[in-house]
Amino acid sequence: MDVRTIPFTLNRAARWHPEREAFVQGFGDDGRRYTYAEANDEARRIAQGLASIGVETGDHVALLNDSNVEHALAHYACTKLGAVPAGLHTREAPNPLAAMVEQIDAETLLFHPDYTDTVDRIRTERDADMELVAFDGLGETPAFARSLSAVTADAEAVEPDVEVSENDVAYINFSSGSTGLPKPLVTRHGQITEMIHIEAGGTTEEGRILNAFGTGFMGWENVTLTNVAVGATTVFHDGDIERVAELAEREQLTRISLITTPWRILLRSGALTEYDLDSVESAGVSGEPITPELYDELREKVTEEVGTGYGLTETMGSGTSLPSRFIDEETIHSVGKPGPSCDVRVIEPGSRDPDTTVPDGEVGEVIVNGPSVCSEVYDAPELSAELFHEDGWVFTGDRGRIVDGFLYLQGRSDNMIISGGINVYAERVEAVLEGHPAIAEAAVVGTPHEK
């Protein structure tokens, strides 16, 4: 088996760390804990079961599920078959979800029974027939679907006789675009194993790492796939964010990574002071640049090692990082420096030329290059050419400037407000407002004015 593939990483972990916990469901019963040997066997059974209902190499399999062990097992099962899993955004409305399923030509949909009504809407919106499979261990299977337990009833824990290579498509991630349908971005096995090398950092097999990211976002894969590659334990949480502190004490979490808003909710809840967080060695903040206030609170209440970074669905790990050791009064406002094997430039807006870099300190468009950067949008060559340069650069649409080697984001090009000929970046105004002690959150928008 090609070592630069997702199936290889799980097989390897099962061989070298068979008794170590691979997947744990936060606040789940004991039946939702899998060692690496158990997880690999179960993924093989699911793969064989999916094959029995017609899923083949290259097929696209949509998944509508929460962050849980069942999703992880099904995700790996698809890749063992050479099929292509695609996580759907659980908070999307049924009509856009149906369009997304249609967009990627998915013939199979695995879903959590909690989303039965949504799946019923999706199937009625689609013209083509689909195989619908419910994770019946999580609820009741509707009459229009198969249960996963029935699909796998006669399946053996045998690795599928399928050749998967680094150049094959590993999965599809939908970007959370600001307009229109999310874009289905294609990631290949070789690219994702490069992401794993970038993300692994100090992660070891002793790590017990939280994954509370939605399964439709790249963060879910970044955490899960990296942990499996090194033999660490992934603890999934799909519930009340205010219980993360309780979960940290119960499961002895060593790392917690959340986007900014859940961190703020957790801090305001007071739960971080109610539980023992001594096991937590590091914390990550994503989604937007960290504020000094949030940084200080996390260092006081969680851990001294707090870091952030910058990346997109299109870059799958390639981007910048800002570890705690680089943070001071000035750099706290940045997103750090390029990560290993990555490069970042700021170019003249609208030039679409990676060589038109602007002088340090000037604002321009941020572009990123790296080993895990995607190169295509599924079945959309014109959009692919718009997003990706032939030399591997992705045009992010973000505005930024580089000062002393650190990247400072200035906002999105489509969020820019022009006032009296001056470019005003909404995110920078929001950051200033949110620095005021009387303001919890702020949103800045532009409105037409006669002048």
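Up top you'll find the structure we're talking about.
Please read all numbers here as calculations on a predicted model, not as lab measurements.

Peer 1: Is there a simple way to think about the packing of aromatic side chains in this case?
Peer 2: For any pair of aromatic rings, the description consists of the separation of the ring centres together with the inter-plane angle of the planes. Counted according to the given criterion, the structure contains 5 aromatic pairs. Taking the centre distance of 6.4 Å and the plane angle of 25 degrees together, the rings of F111 and F144 count as stacked. Separated by 33 residues along the polypeptide, F111 in strand β5 (residues 108-111) and F144 in the loop between β6 (131-134) and β7 (146-147) bring together distant segments of the chain. You can call F111 buried: its relative accessible area is 0%. Both rings, one in F326 and one in F406, keep their centres 6.4 Å apart while their planes meet at 85 degrees; by these two values the pair is edge-to-face. Of this pair, F326 sits in the loop between β15 (320-322) and β16 (337-338) while F406 sits in strand β20 (residues 406-412); the two residues are 80 residues apart in sequence, bridging distant segments of the chain. Owing to a relative accessible area of 10%, F406 belongs among the buried residues under this scheme. Ring pairing ties together the aromatic residues F23, Y76, W220 and F236, which thus form one cluster. In this structure, R325 is placed above the aromatic ring of F326, and the distance from its NZ or CZ to the ring centre is 4.8 Å. The aromatic ring of F395 is capped on one face by R352, whose charged end is 4.2 Å from the ring centroid.

Peer 1: How do you make sense of the layout of surface pockets when you look at a structure like this?
Peer 2: Rolled over the atoms, a probe with the dimensions of a water molecule shows which regions are left empty. Estimated volume of the second largest pocket: approximately 300 Å³. At the level of elements, α10 (260-269) and α11 (292-301) are the ones that each hand at least two residues to the lining of the second largest pocket. In terms of residue class, the lining of the second largest pocket is built from 6 nonpolar, 3 polar and 5 charged.

Peer 1: Hey, could you run me through a nonpolar patch on the surface in this one?
Peer 2: There is a patch of nonpolar side chains on the surface, built from V429, L433 and I439 and spanning about 180 Å² of accessible area. By the element assignment, V429 lies in helix α13 (residues 426-434). By relative accessible area, V429 is classed as partly exposed at 31%.

Conventions and cut-offs
- Numbering of residues starts from 1 in each chain and follows the order in which that chain's sequence is written.
- Residues qualify for local features only when their pLDDT is at least 70, as the model is predicted, and side-chain atom pairs are given and counted only at 80 or more; totals for whole chains, interfaces and linings, by contrast, use all residues.
- Computation of side-chain values: all heavy atoms of the structure, hydrogens and water removed.
- Stacked, edge-to-face and tilted labels apply to pairs of Phe, Tyr and Trp rings (six-membered ring for Trp) whose centres lie within 6.5 Å, assigned for plane angles under 30 degrees, over 60, and everything in between, in that order.
- Strands here are runs of E lasting at least two residues and helices are runs of H or I lasting at least four, both read from the DSSP assignment and numbered beginning at the N terminus.
- Note on exposure labels: buried denotes an accessible area under 20% of the residue type's maximum, exposed denotes more than 50%, and partly exposed covers the range between, all computed with a 1.4 Å probe on protein chains only.
- We call a charge positioned above a ring when the Lys NZ or Arg CZ atom is no farther than 6 Å from the ring centre and deviates by at most 35 degrees from the ring normal.
- The definitions used throughout rest on a 1 Å grid laid over the protein atoms alone, on which a cavity is an enclosed set of points accommodating a 1.4 Å probe that cannot get out and a pocket is an open set flanked by protein within 12 Å on both sides along at least five of seven lines; lining residues are those having an atom within 4 Å of a point.
- Grid points are joined across faces, edges and corners, and a volume is the space filled by probe spheres set on the points.
- Charged means Asp, Glu, Lys or Arg here, nonpolar means Ala, Val, Leu, Ile, Met, Phe, Trp, Tyr, Cys or Pro, and polar covers whatever is left, Gly included.
- For patch detection, residues must exceed 30% relative accessible area and be free of salt bridges, and they are connected within 9 Å for like charges or within 5 Å for nonpolar side chains (Val, Leu, Ile, Met, Phe, Trp, Tyr).
- For the accessible areas, the method is Shrake-Rupley and the probe is 1.4 Å, while residue cover comes only from the protein chains on display.
- Salt bridge, as applied in this entry: a Lys or Arg side-chain nitrogen positioned within 4 Å of an Asp or Glu carboxyl oxygen.

Fair warning: the whole summary comes from geometry, so function is off the table for now.
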